[in-house]
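Examining the three-dimensional arrangement
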Amino acid sequence: FPVTIVRGGEVKIQQLLKAYRTSSFDYSCIYLVSSALPANYLHLIEDALARGKKIIWNQNGVAYPAWAPHSYRGINLRLKYGLERADVVVFQSKFCMESTARWVGTPKISRVIYNPVDTSRFKPLNSKRVPSRLLLCGTQQAPYRVLSALDILKCLRDRGFDMTLVIAGRPNWHNAKSEISNYDSSLHLDERVNYVGEFTRDDAPSVYSLGDVLLRTKYNDPCRFIVTGK
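Residues numbered from 1 in each chain as written. Predicted model: local features only at pLDDT ≥ 70, side-chain atom pairs only at ≥ 80, totals over all residues. Heavy atoms only, no water.

One pass over the full model with this rule turns up two aromatic pairs. Centre to centre, the rings of Tyr-72 and Trp-103 are 5.8 Å apart; their planes meet at 80°, and the pair counts as edge-to-face. Remark: Trp-103 occurs in helix α4 (residues 94-103) and Tyr-72 occurs in helix α3 (residues 72-85); sequence separation between them is 31 residues. Given a relative accessible area of 13%, Tyr-72 falls into the buried group. Using a relative accessible area of 28% as the deciding quantity, one classes Trp-103 as partly exposed. The side chain of Arg-85 reaches across the aromatic face of Tyr-81, ending 3.7 Å from its centre. (Phe/Tyr/Trp six-rings, centres within 6.5 Å; stacked < 30°, edge-to-face > 60°. Helix = DSSP H or I, 4+ residues; strand = E, 2+ residues; numbered from the N terminus. Buried < 20%, exposed > 50% of the residue type's maximum accessible area, 1.4 Å probe, protein only. Lys NZ or Arg CZ within 6 Å of the ring centre and 35° of its normal.)

Right under this line is the structure:
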């Protein structure tokens, strides 16, 4: 990828590029990530099948009615094409495997390989102080993910906890900045919320250290983390 900042499944591909030689013609297998499919992924699959090459499909989350009530079937149909033709499907968690089986289908061969973390770079910092900083991290693709974090901060402060909120990453919907700002002001949290913006993978360890508690506000996301800040 020529850009500095990549998101979601693209990060996995970025790391693979460091470890494996790539080629448009002389290859033994293709590796596709469901949340970062190239525009020509159908052609890539058909070409691999015609040439007898292996297909590895990395399956992230799938669509479901609570998230996309009117379009989840169409989204999953796009995923189903790759799942059915892959020689092996890699899931990033048992949750992803179960969700896929429920909403898309069960592949012939699959493995659960949890997303790896370099623990020499990503690790809790020693601190005995009382947690006081919430951290919302990542690309926020829907208003509820940020607005619910502001609601959490408001609730905690109303209950007497002296908490602040750091929002790191890009809110990615129409009029996101103005909507967040207006909601922030309506809750009277203007001085208690800090915005970091987008960050690179190299920046991530220092960004994670900005919070004591990492929030995950996404529907059906099984990840729950508590991190220790400085």
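Another point: the layout of surface pockets. The computed volume of the second largest pocket comes to approximately 910 Å³. Lining of the second largest pocket is provided by 25 residues; of these, Thr-22, Ser-23, Cys-29, Ile-30 and Tyr-31 occupy positions nearest its centre. For the lining of the second largest pocket, the elements supplying multiple residues, two or more each, are α1 (10-19), β1 (29-33) and α2 (41-50). For the lining of the second largest pocket, the class distribution of residues is 16 nonpolar, five polar and four charged. (1 Å grid on protein atoms, 1.4 Å probe; cavity = no way out; pocket = protein on both sides within 12 Å on 5 of 7 lines; lining within 4 Å. Points joined across faces, edges and corners; volume = space filled by probe spheres on them. Nonpolar A, V, L, I, M, F, W, Y, C, P; charged D, E, K, R; others polar.)

An α-helical turn contains 3.6 residues, so any two residues separated by three or four positions project in the same direction. Among all positions in α4, only Cys-96, Ser-99 and Thr-100 are buried. Here the buried residues of α4 occupy an arc of 100° about the axis, which is enough to place them on one side. Exposed side of α4, more than 90 degrees from the buried face: Lys-94, Glu-98 and Arg-102 are the residues found there. Of the surrounding elements, those touching the buried residues of α4 are β2 (54-59), α3 and β3 (88-91). Just past α4, the residue Gly-105 takes up positive phi, approximately 150°. (Arc of directions from axis to C-beta. Contact = heavy atoms within 4.5 Å.)

A separate point is the side chain of Thr-164. Note on placement: Thr-164 falls in strand β6 (residues 164-168). Relative accessible area serves as the criterion here: at 18%, Thr-164 is assigned to the buried category. In contact with Thr-164, not counting residues within four places along its chain, are Ser-132, Arg-133, Leu-134, Leu-153 and Arg-192.

Turning our eyes to something else, we now look at the pairing of β1. Look at any regular strand and the pattern is simple: side chains alternate between the two faces of the sheet. Note that β1 and β2 share five bridges and pair parallel. Opposite Val-33, over in β2, you have Asn-58 as the bridge partner. After leaving β1, the chain enters α2 and then returns to the sheet as β2, a path that is right-handed. (Pairing = 2+ DSSP bridges. Right-handed = clockwise from strand over helix to strand, strands pointing away.)

Next up on the list: the sheet that holds strand β4 (residues 110-112). Taken together, four strands build an open sheet; the order of strands is β1-β2-β3-β4 and the sheet is parallel. Strands at the two margins of the open sheet, each flanked by one partner only, are β1 and β4. Taken pair by pair, the neighbouring strands of this sheet meet at an average axis angle of 20°, ignoring direction. (Axes fitted to C-alpha atoms, helices over the stretch in contact; angles between N-to-C directions.)

With that out of the way, let us pick up the pattern of salt bridges. Enumeration according to the criterion identifies 10 salt bridges in this entry. Notably, a salt bridge pairs Asp-212 with Arg-133, separated by 3.5 Å at the nearest N-O pair. Pair noted here: Asp-212 is in the loop between α7 (204-208) and β8 (213-215) and Arg-133 is in strand β5 (residues 133-137), with a separation of 79 residues, a long-range link. Assigned by exposure class, Asp-212 and Arg-133 land together as buried. Salt bridges sharing partners connect three or more residues here, namely Lys-80, Glu-84 and Arg-85. (Salt bridge = Lys/Arg side-chain N within 4 Å of Asp/Glu carboxyl O.)

As a further point, take the confidence of the model for the protein. Segments scoring low in pLDDT should not have their predicted coordinates read at a detailed level. The share of residues in the protein with pLDDT of 70 or more is 88%, and the mean pLDDT across the chain is 84. Counting interchain partners and residues more than four positions distant, the pLDDT-below-50 stretch residues 222-230 has 27 contacts. (pLDDT = per-residue confidence, 0-100.)

By secondary structure assignment, the location of Thr-217 is in the loop between β8 and β9 (225-226). Assessed through its relative accessible area of 14%, Thr-217 is described here as buried. Within polar-contact distance, the side chain of Thr-217 engages the backbone oxygen of Arg-145 at 2.8 Å. Apart from the residues lying within four places of it in its own chain, the contact partners of Thr-217 are Leu-136, Tyr-144, Arg-145, Ser-148 and Ala-149. (Polar contact = N/O pair within 3.5 Å; in protein donor to acceptor, adjacent residues only side chain to side chain.)

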